[in-house]
Amino acid sequence: METCEVLRSLRDQHGLTQEELAERLFVTRQAVSRWENGETLPNTDTLRRLSALFGVSINTLLGSPRQLVCQCCGMSLTDDGQLSREPDGSFNEEYCKWCYADGKFTYGSMEQLLEFLVDHMSGDQFPPEQARAYFTAALPKLKHWSK
């Protein structure tokens, strides 16, 4: 879905007119109209306010142009319900809610995460030895562990 369609849909779902949305965002009704017609995009600060107002990530507002991956465990983040949040409630699009919540990381070390992943991701089709080898190679490539 294009950004213009996402914005129009979210505004409608929240029962807001263009004028009401404009007032909440401190912009003109014409600006909202231009976004919804696909003529322009909201600036970064306005995207943050829209994200907070509608409770969706900026990635969702932009029509999900990026495939998000948790930079701690490598899980594909396919919807906003999987994204972590900062202490102020804003979305953090780099981590899943299981690895990072309220400004803190769940796993204190890569080894701790590795043990969790091997215990929970291995099975008949993905034996523990194979899971351990896969995650041992994959985790250091992620932003959180590459530091």
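Preceding block: the structure.
Rules behind the numbers
Residues numbered from 1 in each chain as written. Predicted model: local features only at pLDDT ≥ 70, side-chain atom pairs only at ≥ 80, totals over all residues. Heavy atoms only, no water. Helix = DSSP H or I, 4+ residues; strand = E, 2+ residues; numbered from the N terminus. Phe/Tyr/Trp six-rings, centres within 6.5 Å; stacked < 30°, edge-to-face > 60°. Buried < 20%, exposed > 50% of the residue type's maximum accessible area, 1.4 Å probe, protein only. Lys NZ or Arg CZ within 6 Å of the ring centre and 35° of its normal. Salt bridge = Lys/Arg side-chain N within 4 Å of Asp/Glu carboxyl O.

A. Spatial organisation of unusual backbone geometry. One non-glycine residue with positive phi stands out, namely Phe26, at about 60 degrees. Relative to the helices and strands, Phe26 is located in the loop between α2 (18-25) and α3 (29-36).

B. Region of the structure containing the packing of aromatic side chains. Throughout the structure, instances matching the rule amount to seven aromatic pairs. When the ring of Tyr95 is compared with that of Phe105, the centres are 4.9 Å apart and the planes differ by 90 degrees; the resulting orientation is edge-to-face. Taken together, the residues Tyr95 in strand β4 (residues 91-96) and Phe105 in strand β6 (residues 104-105) connect sequence positions ten residues apart. Ring geometry for Tyr134 against Phe135: centres 5.1 Å apart, planes inclined by 75 degrees, an arrangement best described as edge-to-face. The buried category is assigned to Phe135, whose relative accessible area is 8%. Here the aromatic cluster, defined as three or more aromatic residues joined through ring pairs, consists of Tyr95, Tyr100 and Phe105. It is Arg85 that lies over the ring of Phe91; its NZ or CZ is 3.9 Å from the centre.

C. Fine view of the pattern of salt bridges. Going through the model one piece at a time under the given rule, you end up with seven salt bridges. Across the pair Arg11 and Asp12 runs a salt bridge, and its minimum N-O distance is 3.7 Å. Looking at Arg11, the relative accessible area reads 10%, which means it is buried. Accessibility expressed as a relative area gives 48% for Asp12, which makes it partly exposed. Glu111 is the salt-bridge partner of Arg132, the closest N and O atoms lying 3.9 Å from each other. Taken as a pair, Arg132 in helix α7 (residues 128-138) and Glu111 in helix α6 (residues 110-121) lie far apart in primary sequence, 21 residues in all. Classification of Arg132 by relative accessible area gives partly exposed; the value is 30%.

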